[in-house]
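Results of the structural survey
Here are the chains, one letter per residue:
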Amino acid sequence: SFLLKKEDYLEALRQKTPDEFNSFLSSRASYAQDFQQALITQSVSFLGDEALKLNLCRMFKKILRFSEGEPKKLMLILLSWWDIYNLKTIIRGILGFLDKIEITQALIPAGRWELESLKQLAGSKDLKALAGSLAIMGEDDLAKELVCLIRGYSENPPLEILENNLQEIYFKKAQESLSQRNRNARLIWDYLALKIDFSNISLALKNIQSLHPEGLKFMPFGLLRDAFLKDLISLNRNSSPSRLLPRRPIATGP
């Protein structure tokens with residue numbers, strides 16, 4: 001509601017072309033700065049996407065600047081998810097033989113790692129070099145575990161397995177940091193548990209496990225039980241969607 005009001009969304013729906021939409025959004029005070037910055041580097045076709053990305057990153061950094069103590073710690077746990085997102089993007093770029101510029105354009109530096117550090121990672125020629133750069137850049141336990149994992153998968157890994165394990169490390173470290181289980185920590189963990197369930201359901205519906213049955217497993221710490229997730233895999237693609245719904249509670253808290 002701070003960025004756009006209900007009437008703004010209705011007005012946005014009336015815009016008939018991407019150019020009209022960009023013009024409308026850039027006229028809003030909350031987005032004007034981001035559109036001006038995006039104009040420096042982006043063509044018109046990518047202007048809206050870049051401006052929204054810049055706005056997202058700017059707002060998160062602003063929140064961190066005025067946060068301290070426990071709120072800042074909890075915000076950093078949430079925003080570290082974007083570090084994992086960027087690391088996955090960089091790995092995909094490296095394995096897809098994309099250049100540094102292409103990879104950098106796809107990054108969203110809304111986490112702890114600044115854009116310049118991410119650019120350094122994006123310039124890695126292979127996963128071994130990426131692990132080396134990450135070891136220099138990150139000194140916390142999360143970064144160290146990510147380095148070990150990437151080094152262990154330096155020989156052209158199945159990408160789904162590597163990405164799943166990167167996410168699992170993040171969630172494991174988040175759970176350890178939220179172990180005090182006060183009200184604020186529980187709120188953050190409930191949100192992260194939903195992300196875990198979403199990821200596990202995605203795996204089940206894609207049936208990726210059938211391709212890599214030994215290496216790819218459901219992520220722990222979520223609310224959905226393995227039995228329910230395995231039932232999703234066993235269902236025929238043509239099954240009625242109602243069969244996917246549990247008939248009774250399917251989970252307990254972490």
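Here is a short report on the structure shown in this document. (Residues numbered from 1 in each chain as written. Predicted model: local features only at pLDDT ≥ 70, side-chain atom pairs only at ≥ 80, totals over all residues. Heavy atoms only, no water.)

Our next topic: the overall build of the protein chain. Each helix and strand counted, the protein chain has 12 helices and 0 strands in total. Secondary structure elements in the protein chain, listed N-terminal to C-terminal, are α-α-α-α-α-α-α-α-α-α-α-α. Buried residues in the protein chain amount to 40% of all 254 residues. Restricting to contacts in the protein chain with at least 6 residues of sequence separation, those with at least 24 account for 57%. Accessible surface computed for the protein chain: about 15,200 Å², of which carbon and sulfur atoms make up 56%. (Helix = DSSP H or I, 4+ residues; strand = E, 2+ residues; numbered from the N terminus. Buried < 20%, exposed > 50% of the residue type's maximum accessible area, 1.4 Å probe, protein only. Contact = heavy atoms within 4.5 Å. Areas by Shrake-Rupley, 256 points an atom, 1.4 Å probe, with all protein chains shown as cover.)

With respect to the helices and strands, the residue Asp197 is situated in helix H11 (residues 183-206). The class for Asp197 is buried, based on a relative accessible area of 7%. Separated by 28 residues in sequence, Asp197 and Arg225 place their C-alpha atoms 9.3 Å apart. If we skip the residues at most four places from it in the chain, Asp197 touches Gly222, Leu223 and Leu224. A polar contact of 3.1 Å, which involves the side chain of Asp197, links it to the backbone nitrogen of Leu224. (Polar contact = N/O pair within 3.5 Å; in protein donor to acceptor, adjacent residues only side chain to side chain.)

A separate point is the side chain of Asn22. Looking at where Asn22 falls in the secondary structure, it is placed in helix H2 (residues 18-26). Those residues within four positions of Asn22 in sequence are excluded, and the remaining contacts are Phe35, Val44, Leu47 and Gly48.

Here we come to the packing of aromatic side chains. The final tally for this structure, using the stated rule, is 6 aromatic pairs. Centre to centre, the rings of Trp189 and Phe221 are 6.4 Å apart; their planes meet at 75 degrees, and the pair counts as edge-to-face. Here Trp189, found in helix H11, pairs with Phe221, found in the loop between H11 and helix H12 (226-234); they are 32 residues apart in sequence, far enough to count as distant. Assessed through its relative accessible area of 1%, Trp189 is described here as buried. (Phe/Tyr/Trp six-rings, centres within 6.5 Å; stacked < 30°, edge-to-face > 60°.)

Quick look at H2 now. All of the buried residues along H2 are Asn22, Phe24 and Leu25. The buried residues of H2 occupy one face: seen down the axis, they fall within an arc of 160 degrees. (Arc of directions from axis to C-beta.)

We now examine the packing of H2 against helix H3 (residues 29-41). At their nearest, the axes of H2 and H3 sit 7 Å apart, and the two run at 120 degrees to each other. When the axis of H2 is compared with that of H3, the two are oblique. In this structure, H2 uses Asn22, Leu25 and Ser26 to contact H3, whose residues at the interface are Tyr31, Ala32 and Phe35. Grouping the amino acids of the contact of H2 with H3 by side-chain chemistry returns 4 nonpolar, 2 polar and no charged. (Axes fitted to C-alpha atoms, helices over the stretch in contact; angles between N-to-C directions. Parallel < 35°, antiparallel > 145°, perpendicular 65-115°, else oblique. Nonpolar A, V, L, I, M, F, W, Y, C, P; charged D, E, K, R; others polar.)

Before going further, it helps to spend a moment on the pattern of salt bridges. Under the defined criterion, the tally for this structure stands at 11 salt bridges. Between Lys61 and Glu114 there is a salt bridge whose closest N-O contact spans 3.7 Å. Of this pair, Lys61 sits in helix H4 (residues 44-65) while Glu114 sits in the loop between helix H6 (100-105) and helix H7 (115-122), placing them 53 residues apart in sequence. By relative accessible area, which is 19% here, Lys61 ends up buried. Here Lys172 and Glu145 are joined by a salt bridge, their closest N and O atoms 3.0 Å apart. (Salt bridge = Lys/Arg side-chain N within 4 Å of Asp/Glu carboxyl O.)

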